[in-house]
Amino acid sequence: AQSVAQPEDQVNVAEGNPLTVKCTYSVSGNPYLFWYVQYPNRGLQFLLKYITGDNLVKGSYGFEAEFNKSQTSFHLKKPSALVSDSGLYFCALRREGGYNKLIFGAGTRLAVHP
Amino acid sequence: GAGVSQSPSNKVTEKGKDVELRCDPISGHTALYWYRQRLGQGLEFLIYFQGNSAPDKSGLPSDRFSAERTGESVSTLTIQRTQQEDSAVYLCASSKPGTANQPQHFGDGTRLSIL
């Protein structure tokens, strides 16, 4: 069975500091991994994806994520957080060549303080 | 339009009534998905449409839930005899044709409240 775990309900970071939002996954076969952010009363906004190739993926708004197959992780990172990065972050998984639906983690609320 | 459009943005109705939610995907996106997001939780897959193929209805929680799609355009999600447990945000997403590596683009959702 496929699953995504986001072990932290909330992450608090001071503006200007680096941020990490954690994600681990479980899947048979190769994973396609995605990060989305949700702002209040809005839908999910796509940030980045890992399909194949380089383990370090760069996405929108300065975010990046590192795919680690041995640790089955796909942590989201940003070198310098902004207050405007505050939101609800979701990691999602899709199995290569299999289902088209996304399996989502429960979400991590990121709060960046001035 | 430029993005996925959902209507209404908010819907309040009494228990036992039927509701219909609408999704207008991005033009050219053949794949369309419905998800449910309960308060404070992640997204649950409900149903998936891909072109003229039979939809994947495996996520629909009960036979009170159904969805239709007209060709490769508008979709409607219908909930019959609503229950309080149906209260949630219902999100629609669409993606380009092709392989599963395409990201899904989400609408802003319909916030459904059952009194």
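Scroll up a little and you will see the structure.
Residues numbered from 1 in each chain as written. Chains lettered and ligands numbered in written order. Predicted model: local features only at pLDDT ≥ 70, side-chain atom pairs only at ≥ 80, totals over all residues. Heavy atoms only, no water.

Visitor: I keep staring at the overall build of chain B and nothing clicks. Help me out?
Guide: Counting secondary structure elements, chain B contains 0 helices and 10 strands. Tracing chain B from N to C terminus, the helices and strands come up as β-β-β-β-β-β-β-β-β-β. Over its C-alpha trace chain B gives a radius of gyration of 13 Å, about what one expects of a compact globule, namely 13 Å for 115 residues. Dimensions of chain B, computed from the C-alpha atoms along their principal axes, are close to 40 × 25 × 25 Å. For chain B, the residues scored as buried account for 47% of the 115 residues in total. Intrachain contacts of chain B at a sequence separation of at least 6 include 54% that bridge at least 24 residues. Each charge sign in chain B was given a centre, from 12 positive and 12 negative side chains, and these centres are 2 Å apart. (Helix = DSSP H or I, 4+ residues; strand = E, 2+ residues; numbered from the N terminus. Rg over C-alpha atoms; globule rule 2.2 N^0.38 Å. Buried < 20%, exposed > 50% of the residue type's maximum accessible area, 1.4 Å probe, protein only. Contact = heavy atoms within 4.5 Å. Lys, Arg positive; Asp, Glu negative; His and termini not counted. Charge placed at Lys NZ, Arg CZ, Asp CG, Glu CD.)

Visitor: Explain the side chain of Gln-37 of chain B here, please?
Guide: Along the chain, the position of Gln-37 of chain B falls in strand 4 (residues 31-37). The class of Gln-37 of chain B is buried, set by a relative accessible area of 8%. With residues up to four places along the chain from it excluded, the contact list for Gln-37 of chain B reads Gln-38, Leu-88 and Phe-90 of chain A together with Gly-42, Leu-43, Ala-88, Val-89 and Leu-91 of chain B.

Visitor: I'm lost on the nonpolar core in this one. Help?
Guide: Nonpolar side chains tend toward joint burial in soluble globular proteins. All names here are of chain A. With 27 residues, the main nonpolar core has Trp-35, Leu-47, Leu-48, Phe-74, Leu-76 and Tyr-89 as its most contacted residues. At the level of elements, strand 2 (10-14), strand 3 (19-21), strand 5 (31-38), strand 6 (44-50), strand 8 (64-68), strand 9 (73-78), strand 10 (87-95) and strand 12 (108-113) are the ones that each hand at least two residues to this core. With near-sequence residues (within four places) excluded, Leu-48 lies in contact with Leu-33, Phe-34, Trp-35, Val-57, Lys-58, Gly-59, Phe-63, Glu-64, Ala-65, Phe-74 and Leu-76. (Core = buried A, V, L, I, M, F, W, Y, C linked by side-chain atoms within 4.5 Å.)

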